Every structure is written in structure tokens, then in C-alpha cells.
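# Survey of secondary and tertiary structure
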There are 2 protein chains.
Amino acid sequence: MARTPRDVTERELAVLEVLWNGGATTIRQLTEVLYPGGRTAHYATVQTLLHRLEAKGCVRRERVCYLPSHHNKAQIYLAAIDRDELIGRRLRDMAEQLCGGSLTPLLTHLMRTRQFTAVERRELRLLIDDLDREKGKGKGDAR
Amino acid sequence: MARTPRDVTERELAVLEVLWNGGATTIRQLTEVLYPGGRTAHYATVQTLLHRLEAKGCVRRERVCYLPSHHNKAQIYLAAIDRDELIGRRLRDMAEQLCGGSLTPLLTHLMRTRQFTAVERRELRLLIDDLDREKGKGKGDAR
DNA sequence: CTACTCTAAGACAAAATGACTGACAGGTCA
DNA sequence: TGACCTGTCAGTCATTTTGTCTTAGAGTAG
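No experiment lies behind these values; they were computed from the predicted model shown. (Residues numbered from 1 in each chain as written. Chains lettered and ligands numbered in written order. Predicted model: local features only at pLDDT ≥ 70, side-chain atom pairs only at ≥ 80, totals over all residues. Heavy atoms only, no water.)

Turning next to the packing of helix α5 (residues 104-113) of chain A against helix α5 (residues 104-113) of chain B. Here α5 of chain A crosses α5 of chain B at 135°, and the two axes come no closer than 10 Å. Comparing the axis directions of α5 of chain A and α5 of chain B gives the class oblique. Like other packed secondary-structure pairs, α5 of chain A and α5 of chain B cross with a definite hand, here left-handed. In this structure, α5 of chain A contributes L106, L107, L110 and M111 of chain A to the contact, and α5 of chain B contributes L106, L107, L110 and M111 of chain B. (Axes fitted to C-alpha atoms, helices over the stretch in contact; angles between N-to-C directions. Helix = DSSP H or I, 4+ residues; strand = E, 2+ residues; numbered from the N terminus. Parallel < 35°, antiparallel > 145°, perpendicular 65-115°, else oblique. Left-handed = near helix turned anticlockwise from the far one by under 90°. Contact = heavy atoms within 4.5 Å.)

In C-alpha cells:
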């Protein structure tokens, strides 16, 4: 009774990584990267992974498309979300489970925990400056 | 082949929550909270959950201890990690999987995504100030 | 002894996950 | 035409997790 399926599985993530790195490809090419010298079985595995990813909305496919190197129609798969979106998804899930939906505890944890270098601290400050400028019309009071 | 077991399961988390809220207790009391009017079966379920949590290092138990209300020895369970530690654990796992171990992408995502109020932005700034003061001896190069 | 509570040790089913098989369709090229 | 690729789809399969529950055993009070 593994109740809540994990957002994206380890193996599924491996597929996504390839798509993120190499752009859209066919199952065969993905198989070649993930299981070099891939046999038919591996091909099918990648196929399954892609279908599950599609069901989760992480992958799309361009329907029919003629390959240059071969003679057959093949579908082109491409990532429907990027790494950052996946990160957001996970963070939100996590906040949901552990913090009643609020992301703030996660943020403050990171702020407290991370050992920032002076440079990083400065970058953070600049980032906040950006946010201030971007939205901080009314409330502006931070010196 | 669900390969990597989840850090803490949903049901396990429910147990932890009770421990976080109410402090150390016995299995029976936990059962009463989680499954009001709990039958023997529920008792055993909580028991399993606790054992699994113990194996994961999230729970400890004070061995034998005499209860006031009853006549038998019972063990007292108590949380071995708090919510914030669990958050940290998850964040680190997540960074491991998605960001090659770096927490920075998570942080910047949160910074970009969250809609901060002016007040929150100021608090963040103050937090960074603290960090500056606290560690800002050597590396000092800001500006 | 009997009744009660607790604990330990596992059995169990449903579901998730990774991996795989086989049937079938359409195109190529001898 | 027909053997042969290459690709798709649908479904099977074993292992593991996860939530749940049964049972046997042990200790204590009345």
C-alpha cells in the first residue's frame, strides 16, 4: 500500500536528465544513452518510463515524425518541465507535508543552515534588492 | 522494485507529529490519538510504525518504565529528530537527487518564487546581516 | 490462577517501480 | 511480393515498500 506515488522516480529522473541535457529525442536514442548497447528489453524499459513520465505531465511527444537516418516514423519525446519546475514541485509537496503548505520554514532552514560565503551573501542581498525594486513600490521602507 | 525507501512515510510522519506535539508517550496513548477508539489491530499498527521510525533514527525509547494508571511496564517513545531536522534531511536528499548535492538551487528557487512582503524582505536582509556579522571576518570582500 | 497489559515477531495484501515479452503496423529494399 | 527492420502499444512479472493486522509470549495485580 505505497499510497502516494512519488512525484518522479529515480529512473524516470534519469530519463528526464537526458532530455534536459540533449533536448528532444527518440526512444532509441534515449536508450542508447541510458543503456549503452541497449537491447530490446532496455528499449521497452525506456518506453515505459516515458509513458509514466507523460502521465505525470513531465514529458510530451511530437507525434509522427520521419527520421533521417532510418526509414520509419518515430515519435520525438521532449521534457515538459525543466529542472527548476521540478524543484518547485518537490518543494511545494514537501511544504505541504511538513509545514502545512508554507514554504517559509524551508527557506529559513536553508538560510540558517547553508554556510554562505561572503560572495553568496552579497548575491542574496542583490536578489532581495531586485525583489524590492520589482514589487516594492508601496511598502518601501528598507532604508 | 521501489528502490530508495522514502525517508519518512506519510503514516510514520503522522506518528512523529503526535510525538512533536505531545511529547513522549506510550504506544497506547499514540494509538488513542491516531485511531480514537483504537482496537488491538491499531495498536499493532502504531507499534510497527514506531519500530520503523526507530530503525530510521527518528524515534528513541526509554526502555522499561512503570505506568501510574496501569500495572504494567511500558516503553516511552520520544522523537529523536524535530521537524526542522527532518526538513533539512529532505532538502539535502532533494539537492542530492536534483542538484548534484548543492542546496543553492533550492534556495534561489524559493527566493525567486515566494511572493515576499516588504516586511519579509527586510527580515531576510537582517538575517543576512546576522550571517555577515557572525562569519564575515576572513572572506570579507563585499564591495 | 485469571485477567489484564505490554512486547516481539512476523504474516498479509495492495500498490509502486523497474524491467521485460509479444503482437502488430507500416516502410524499405532485395 | 515478401523478408526484414524499426517503431508502437498493451500487458506481464518480480521485487520491495507500506500500511495493516494476528498471534504468541511474558510480566504484574488482584
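On to the side chain of E12 of chain B, then. Residues and elements named next belong to chain B. Position of E12 among the secondary structure elements: in helix α1 (residues 10-22). Among the residues examined, E12 registers a relative accessible area of 3% and is labelled buried. Among the polar contacts made by the side chain of E12, one reaches the main-chain amide nitrogen of T9 at a distance of 2.9 Å. In contact with E12, other than residues within four places in its own chain, are D7, L49, R52, L53 and K56. (Buried < 20%, exposed > 50% of the residue type's maximum accessible area, 1.4 Å probe, protein only. Polar contact = N/O pair within 3.5 Å; in protein donor to acceptor, adjacent residues only side chain to side chain.)

As a further point, take the pattern of salt bridges. Applying the stated rule across the entire model yields 17 salt bridges over all chains. Here K56 of chain B makes a salt bridge to E12 of chain B, at a shortest N to O gap of 2.8 Å. With K56 of chain B in the loop between α3 (40-55) and β1 (59-62) and E12 of chain B in helix α1, the pair connects residues that are 44 residues apart, well separated along the chain. E54 of chain B serves as the salt-bridge partner of R61 of chain B, at 2.9 Å between the closest nitrogen and oxygen. Here E54 of chain B falls in the partly exposed class, since its relative accessible area comes to 27%. In this structure, a network of salt bridges that share partners links the residues D7, R89 and R90 of chain A. (Salt bridge = Lys/Arg side-chain N within 4 Å of Asp/Glu carboxyl O.)

Further remarks concern the nonpolar core. Ranked by size, the top nonpolar core spans 69 residues in total, and within it L50 and L106 of chain A together with L50, L106 and M111 of chain B carry the most contacts. With residues up to four places along the chain from it excluded, the contact list for M111 of chain B reads L107, L124, L127, I128 and L131 of chain A together with F116 and L124 of chain B. (Core = buried A, V, L, I, M, F, W, Y, C linked by side-chain atoms within 4.5 Å.)

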